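Results of the structural survey
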Amino acid sequence: MSELYAYTLLVFVGFLPSEIWRMLGLVAARGIADESELFMWVRAVAIAVLAGVIAKIILFPPGTLASVPLVIRLVAIVCGFAAFVIVRRSVLAGVAAGEVVLTLGALAYGI
Amino acid sequence: MSPLPPTDPTQRSVVSAFLAGFRAAWLSVLAYVVIGTYVGIGALTHDFGFSLAWAVASTALVWAGPAQVILVSALGAGAAPFETALAVGVSSARLLPMVISLLPLIRRPQTPYRALILPAHLTAVTMWIESLRLLPRLPREARIPFANGVGLGFMVAAQAGTLIGYYLATSLPPLLTAGLLFLTPISFLMSDWLALAFGLVLGPLLAAWQVELDLLWTGIVAGSLAYGIHRLREALK
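Predicted model only: the values in this text are computed from it and were never measured.

Observations concerning the packing of helix α8 (residues 125-134) of chain B against helix α9 (residues 143-168) of chain B
Geometrically, a packed helix pair is captured by the angle between its two axes and the distance between the axes. Residues and elements named next belong to chain B. Their axes nearest at 9 Å, the elements α8 and α9 cross at an angle of 145 degrees. Relative to α9, the crossing made by α8 is right-handed. Contacts from Thr-126, Met-127, Glu-130 and Ser-131 in α8 reach Ala-147, Val-150, Gly-151 and Phe-154 in α9. Split into classes, the residues belonging to the contact of α8 with α9 amount to four nonpolar, three polar and one charged.

Right under this line is the structure:
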């Protein structure tokens, strides 16, 4: 693949299909006041989509994460969230706990 | 018109709001999560034979981790450009409600359209989470430079990760890359309102085992449910 072709693909296949949503959002946000009911609903949708992204990565993981069994991925995510709640809503504690459980689980499984 | 002198109080407050945002990004755990995630993406980009400059440009232009993973692995594996563009577009659809729920928070009635282009481009999950958390405490005139500072702070972290991953690509063990790929879902989860939505989405996803659900539809259904519950609670108060 030539360099020029690689950058053409970057713009048309990577950049534009992502950026179009941001620019549509820029247009759609016009006339929506913060603290309006429509704003609250869009925010709830954004949060739920994000939750969907999490669920999708856990259930259909990319790359080497797929070699870790599903049950270990689920236990790790539950432990991470539990640590987050227990340790005064600390993101650091949550991420660390989830990663430790995932790594130990993967090691025990023989990866 | 002559340029404003550096002592101008409004310009100074714009710079200090930008720097406060940049600092907030680096004080957040998410900056380190971003570095880790992009080490994974940098390594992936290297493995599929793209140049370092291409990897850096991809992080700056696409600025969405999952979309970059799809872009690199699909193109690198020789998938058709049109199909890859569709997959990237589906994965980035989540950016639409995020931009719509960020801009009304930072905009003022006199804000010109062009001032919102940069914050819209910098919108990604990490920037959105930190901006929504921190912006309500700030005066409205400081919010656009602050949001830009947060976004560019995370962008610098991502570029550092891209460089590290690109150079270390051949020496990363699979256990480590699996852990790096796990950073995205585990860090996105760390928020209480998100957990509610997570439960609402995980149910149908588990039921529809191995069925590729359109995330935007999932979000509209689950988000409307969460919004309905919120309204019901308010009404019962």
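Looking at helix α1 (residues 3-28) of chain A
Between the first and last C-alpha of α1(A) there are 36 Å, a value that for 26 residues agrees with the 38 Å anticipated at 1.5 Å per step. A:Phe15 marks where α1(A) bends most, by close to 45 degrees; the proline A:Pro17 follows one to four residues later. Looking only at α1(A), the buried set comprises A:Leu10, A:Val13, A:Gly14, A:Phe15, A:Pro17, A:Ser18, A:Trp21, A:Arg22, A:Gly25 and A:Leu26. Where α1(A) is buried, its residues contact α3 (52-61), α4 (65-76), α5 (81-92), α6 (95-106) and α7 (117-122) of chain B.

Here's the deal with the confidence of the model for chain A
Across chain A, pLDDT averages 90, with 100% of residues at or above 70. Helix α2 (residues 37-59) of chain A is the least confidently modelled element of chain A, averaging 84 in pLDDT, while α1(A) averages 95, the highest of any element.

Overview of the domain arrangement of chain A
Per the domain assignment, the segments making up chain A are domain 1 (1-30), domain 2 (33-60) and domain 3 (62-111). Centre-to-centre separation of domain 1 of chain A and domain 2 of chain A, based on C-alpha positions: 22 Å.

Rules and cut-offs
- Residues numbered from 1 in each chain as written.
- Chains lettered and ligands numbered in written order.
- Predicted model: local features only at pLDDT ≥ 70, side-chain atom pairs only at ≥ 80, totals over all residues.
- Axes fitted to C-alpha atoms, helices over the stretch in contact; angles between N-to-C directions.
- Helix = DSSP H or I, 4+ residues; strand = E, 2+ residues; numbered from the N terminus.
- Left-handed = near helix turned anticlockwise from the far one by under 90°.
- Contact = placed C-beta atoms within 7 Å.
- Nonpolar A, V, L, I, M, F, W, Y, C, P; charged D, E, K, R; others polar.
- Expected span 1.5 Å × (residues − 1).
- Bend = angle between axes of the 7 residues up to and from the residue.
- Buried ≥ 20, exposed ≤ 12 C-beta atoms within 10 Å, placed from the backbone.
- pLDDT = per-residue confidence, 0-100.
- Domains from an automatic or database assignment.

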